[in-house]
Amino acid sequence: MAQLEGSDTSALATARERFLCAEDVPSGEVRDSILKSWRRSRSLRVAADHIELPYIKDPEHDTPLTRSAGPILRRLQDQLNDLPVSVILTDPNGVVLDRRTDDASLQRYLDRVQLAPGFSYAEEYVGTNGIGTALEGLQPAAVFGHEHYAESLDTLGCAGVPIRHPTSGQMLGLLDLTCWRKEAGPLLMTLAKATAKDIEQELTSQLGQRELSLFTEYLRACRRGHGLVFALDNDLVVTNEHTREVLSAQDQDALLAKAAEAMSHREHVTIDVDLPSGGKARMSCTPVASAAGPAGGVIRAKLIRKAELPNVSIDHGPMLPGVVGSGGLWLHACQEISNHRSAGEWLLVEGEPGVGKHAVIKAVHARHCPTEPYTVIDFAEHDNDDSEWPHRVRRSLMDGEGTLELRRIDALPTEYRPGLGRELAAASAGATPWVVATARSGRERLGQDLLRHFPSSVTVPPLRHHIDDLDELVPFLLLQLSKDTRLMCARSTIQLLMRSSWPGNITQLRKVLHKVMLHRRSGTVQPDDLPPECRSVTRRVLTPLESMERDAIVQGLLDAEGNKTTTARALGLSRATIYRKIREYGIDVPY
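Reading the values: rules and limits
- In this convention, every chain numbers its residues from 1, walking through the sequence in written order.
- Whole-chain, interface and lining totals are the exception, using all residues; otherwise, since this is a predicted model, local features are given only for residues with pLDDT of at least 70 and side-chain atom pairs are given and counted only at 80 or more.
- Working from all heavy atoms in the structure, the side-chain values ignore hydrogens and water.
- Note on conventions: DSSP H or I runs of at least 4 residues are helices, E runs of at least 2 residues are strands, and numbering of each starts at the N terminus.
- Throughout this description, buried means an accessible area under 20% of the type-specific maximum (1.4 Å probe, protein chains only), exposed means over 50%, and partly exposed covers the range between.
- Residues count as neighbours in contact if any of their non-hydrogen atoms are within 4.5 Å of one another.
- The protein chains shown are the only cover counted for residues, whose accessible areas, like all others here, come from Shrake-Rupley with a 1.4 Å probe.
- One bridge is not enough; two strands pair if DSSP finds at least two bridges between them.
- Here an angle of 0 to 180 degrees is reported between the N-to-C directions of two axes, which are lines fitted to C-alpha atoms, with helices fitted over the stretch in contact.
- Paired rings are identified among Phe, Tyr and Trp, the last through its six-membered ring, by centres lying within 6.5 Å, and are further divided according to the angle between planes into stacked (under 30 degrees), edge-to-face (over 60) and tilted (the rest).
- As used in this record, nonpolar core signifies buried Ala, Val, Leu, Ile, Met, Phe, Trp, Tyr and Cys residues forming a set joined through side-chain atoms within 4.5 Å.
- Salt bridges, as used here, are contacts in which a Lys or Arg side-chain nitrogen is within 4 Å of a carboxyl oxygen on Asp or Glu.
- Residue-level confidence of the predictor is summarised by pLDDT, bounded by 0 at the bottom and 100 at the top.
- What the arc measures is the spread of directions leading from the helix axis to the C-beta atoms.
- The cut-offs work like this: below 35 degrees is roughly parallel, past 145 is roughly antiparallel, 65 to 115 is roughly perpendicular, and the gaps in between are oblique.
- By definition, turning the near helix anticlockwise from the far helix through less than a right angle yields a left-handed crossing, and turning it clockwise yields a right-handed one.

**Q** Teacher, can you tell me more about the overall build of the protein chain here?
**A** When you go through the protein chain residue by residue, the secondary structure sums to 20 helices and 17 strands. When each of the 591 residues of the protein chain is scored for burial, the buried share is 50%. A sequence separation of at least 24 residues applies to 66% of the contacts in the protein chain between residues at least 6 apart. By element, 50% of the accessible surface of the protein chain is carried by carbon and sulfur atoms, the whole surface being about 28,400 Å².

Here it is in structure tokens:
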């Protein structure tokens with residue numbers, strides 16, 4: 001390769017030295033793109049006198065990118081076998097996945113500066129370089145000699161070109177060519193761009209092979225019967241006409257979410273899925289393979305319980321007071337609890353924390369016997385070592401009227417449960433109030449001493465299983481919190497709230513709306529008014545420390561208009577860490 005004239009002169013070395021000494025660099029002495037990268041490197045406090053990089057022991061090597069790039073890199077290596085050029089492939093975070101060169105001297109030098117598999121050459125770690133600067137700028141970048149920020153790289157020239165997904169445009173990684181600076185020339189970037197283009201074309205070809213394999217298996221499944229059939233891949237979802245006719249969009253989404261989770265294990269599984277409409281489906285997930293690698297999977301499903309949409313009204317009277325919602329599972333639970341109250345049958349109401357068990361029981365009591373006593377004994381709030389709760393249970397049972405709610409009965413220590421069981425057994429022979437207990441899901445945890453007094457149970461569904469009820473719940477809760485109707489919620493805000501899985505259920509939703517009201521007491525709640533937790537989707541309740549970290553990242557992304565590098569810098573995190581945390585917390589900021 002011809003030498004790149006004028007790109008690595010003593011003037012450039014002097015300009016770099018002045019910059020590192022915090023002196024002004026006159027315009028024109030350094031390319032604008034390089035000077036901007038130097039400034040980013042300095043703000044990130046990258047060391048210029050030595051290289052110290054993070055190392056990933058086992059980076060992901062079996063990806064569409066590595067499978068597509070492998071043959072192309074081997075072919076290019078054969079073509080360059082008499083030249084001191086290294087062909088390098090990285091992931092989107094700059095971690096080197098593959099490095100090829102036949103020049104022993106160059107290979108030893110690259111080892112010394114850690115430009116080797118497992119090490120990240122992101123700009124935040126090593127400063128200005130062909131890999132990190134191209135990834136940071138989201139476009140090709142060439143860096144020669146003293147343009148490098150780190151002193152030990154000034155004998156090298158490199159050209160990096162991002163590689164993108166052929167349909168989504170997502171950056172999958174980067175192709176870099178590195179050689180001695182004296183050998184570097186314009187041809188280096190030309191060759192890098194051509195190679196990156198070849199890899200993207202191969203990705204397109206392999207994507208076609210995977211989609212063809214997936215579609216072939218999908219058609220085969222459709223021909224075998226008239227059940228519910230899906231085909232699912234990272235960028236593709238296909239459903240048969242029967243599925244679209246039988247399932248609502250919400251039920252389809254629920255099945256797809258479960259299927260995507262099951263398919264991640266790449267093995268055949270059969271699972272039962274409770275649907276938001278109240279129905280239940282048995283789903284069989286089969287992975288599909290192709291010559292180009294994994295190709296998603298085909299899902300066959302059948303309904304084993306049809307959707308139930310009972311009316312919560314009692315004898316066609318008014319709805320239960322103090323509760324709202326029209327989702328199938330929610331309505332079914334309300335109706336069942338009311339039916340047991342009508343029959344006077346003692347009942348165990350189960351469900352995740354915050355789903356509204358107490359609210360429904362209170363509403364059923366208000367509907368059936370509003371003038372009679374309503375006693376609540378919360379075992380999570382009592383000091384179970386004192387004698388107050390046994391006395392209150394005994395007194396309420398002796399009254400013989402109204403409702404006795406044994407709230408969070410599973411919080412009662414095991415050694416006290418036989419005593420409660422004896423109180424219940426002694427009272428059951430005579431007239432008693434309606435006794436209803438609440439607990440987290442899992443009857444077996446209560447033990448037979450208590451379970452035998454509650455022959456039936458009803459499960460109140462989590463909010464994520466009747467998420468459309470947010471249309472009614474949000475205005476209802478805002479009215480409860482504000483005591484008037486001045487505060488409304490924009491449709492875009494409701495839609496953003498619906499994207500959350502709400503691991504804390506209605507209780508978490510109420511807390512979110514309370515936070516909103518601390519700074520907005522009238523008008524319309526817009527998406528920007530929501531706290532940071534509404535920008536993430538998690539399947540579990542976070543610890544206080546995790547919540548603080550998530551909120552800080554969300555706020556940082558909002559302040560930086562979605563720029564992850566700026567956010568990482570502001571929070572003192574590495575770019576790799578910020579990406580991992582965003583995935584871990586399911587953060588989604590629309591920029």
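**Q** Even after reading the chapter, I still don't get the sheet that holds strand β11 (residues 347-350), so can you show me in this structure?
**A** Strand order in the open sheet made by the 5 strands is β12-β13-β14-β11-β15, with parallel pairing throughout. Either end of the sheet is taken by a strand with one partner, and the two such strands are β12 (374-378) and β15 (456-459). With strand direction ignored, the average angle separating the axes of adjacent strands in the sheet is 20°. Relative to strand β13 (residues 403-407), β12 runs parallel, the two being bridged by 5 bridges. If you follow Tyr374 over to β13, its bridge partner there is Thr403. Lying on the sheet, helix α10 (residues 328-343) is in contact with β11, β13, β14 (434-439) and β15; it crosses β15 at an angle near 155°. Across the sheet, helix α11 (residues 357-368) is in contact with β11, β12, β13 and β14; its angle to β14 comes to roughly 165°.

**Q** How should I be thinking about the packing of aromatic side chains in this particular structure?
**A** Two aromatic rings, taken as a pair, are described by how far apart their centres are and by the angle between their planes. Inspection of the entire model under this criterion finds 4 aromatic pairs. Residues Tyr55 and Phe119 carry aromatic rings whose centres are separated by 4.9 Å and whose planes lie at 50° to one another, so their mutual orientation is tilted. Taken as a pair, Tyr55 in the loop between α2 (32-43) and α3 (64-79) and Phe119 in the loop between α4 (104-112) and α5 (123-126) lie far apart in primary sequence, 64 residues in all. For Tyr55, a relative accessible area of 48% gives the class partly exposed. For Phe119, a relative accessible area of 17% puts it in the buried group.

**Q** What am I meant to see in unusual backbone geometry here?
**A** The phi angle of most residues is negative, glycine excepted, and most peptide bonds adopt the trans form. Of note in this structure, Arg45 is not a glycine but carries a positive phi near 60°. Along the chain, Arg45 falls in the loop between α2 and α3. Since its relative accessible area comes to 79%, Arg45 is described here as exposed. One non-glycine residue, Arg408, lies in the positive phi region at around 50°. Along the chain, Arg408 falls in the loop between β13 and α13 (417-427).

**Q** Just to check I follow, could you spell out the nonpolar core for this structure?
**A** Taken as a class, soluble globular proteins show a tendency for nonpolar side chains to be buried jointly. Counting 38 residues, the largest nonpolar core has Ile337, Leu406, Ile409, Leu420, Leu424 and Phe454 as its most contacted members. Counting only elements with at least two residues in this core, the list comes to α10, β11, α11, α12 (388-399), β13, α13, β14 and α14 (448-451). Ranked by residues supplied to this core, first place goes to β14 with 5 residues.

**Q** Looking at this structure, I do not really get the pattern of salt bridges. What am I missing?
**A** The full count for this structure, using the stated rule, is 12 salt bridges. Note that Arg408 and Asp378 form a salt bridge whose closest N and O atoms lie 2.2 Å from each other. You can see Arg408 sitting in the loop between β13 and α13 and its partner Asp378 sitting in strand β12, a full 30 residues away along the chain. Judged by its relative accessible area of 5%, Asp378 falls in the buried class. For Glu423, the salt bridge identified is with Arg394, shortest N-O distance 2.8 Å. In this pair, Glu423 is assigned in helix α13 and Arg394 in helix α12, connecting sequence segments 29 residues apart. Given a relative accessible area of 19%, Glu423 falls into the buried group. According to the relative accessible area criterion, Arg394 is partly exposed, its value standing at 37%.

**Q** Just checking my understanding: could you explain the pairing of strand β1 (residues 85-90) for this structure?
**A** On a regular strand, one side chain projects to one face of the sheet and the next to the other, so that they alternate. Taken across its 6 residues, β1 has 6 buried, putting it largely inside the fold. Every second residue of β1 is oriented toward a common face, with Val85, Val87 and Leu89 on one face and Ser86, Ile88 and Thr90 on the other, all of them buried. Across 6 bridges, the pairing between β1 and strand β5 (residues 171-180) is antiparallel. Note that in β5 the partner of Val87 across the bridge is Leu177. Relative to strand β2 (residues 96-100), β1 runs antiparallel, the two sharing 4 bridges. Across the sheet, Val87 pairs through a bridge with Arg100, a residue of β2. Here β1 folds back onto β2, and the loop between the two strands holds 5 residues, one of which, Gly94, carries a positive phi near 85°.

**Q** I tried to follow the environment of Val113 on my own but got confused; where do I start?
**A** Tracing the chain through its elements places Val113 in the loop between α4 and α5. Judged by its relative accessible area of 4%, Val113 falls in the buried class. For the pair Val113 and Ser152, spaced 39 residues apart in the sequence, the C-alpha separation amounts to 7.1 Å. Beyond its immediate sequence surroundings of up to four residues, Val113 is in contact with Ile51, Leu53, Tyr121, Ser152 and Leu153.

**Q** Would you mind showing me how to read the confidence of the model for the protein chain here?
**A** Model confidence for the protein chain is summarised by a mean pLDDT of 81, while 87% of its residues fall at 70 or above. Counting interchain partners and residues more than four positions distant, the pLDDT-below-50 stretch residues 1-8 has 20 contacts. In the predicted structure, residues 308-318 sits below a pLDDT of 50 and forms 23 contacts with residues beyond four places in sequence or in another chain.

**Q** Can you help me understand α13 in this one?
**A** Along α13, the residues classified as buried are Arg417, Leu420, Gly421, Glu423, Leu424 and Ala427. The arc that holds every buried residue of α13, seen down its axis, measures 160°, which confines them to one face. Seen from the open side of α13, the exposed residues pointing more than 90 degrees away from its buried face are Arg422 and Ala426. Buried residues in α13 make contact with α12, β13, β14 and α14.

**Q** Where do I start with the packing of helix α15 (residues 470-482) against helix α16 (residues 491-498) in this structure?
**A** For any two helices packed against each other, one specifies the crossing angle of their axes together with the interaxial distance. At their nearest, the axes of α15 and α16 sit 10 Å apart, and the two run at 110° to each other. Taken as axis vectors, α15 and α16 run roughly perpendicular relative to one another. α16 is crossed by α15, and the crossing has right-handed handedness. Within the contact between the two elements, α15 uses Leu470, Asp471 and Val474 and α16 uses Arg491, Ile494, Leu497 and Met498.

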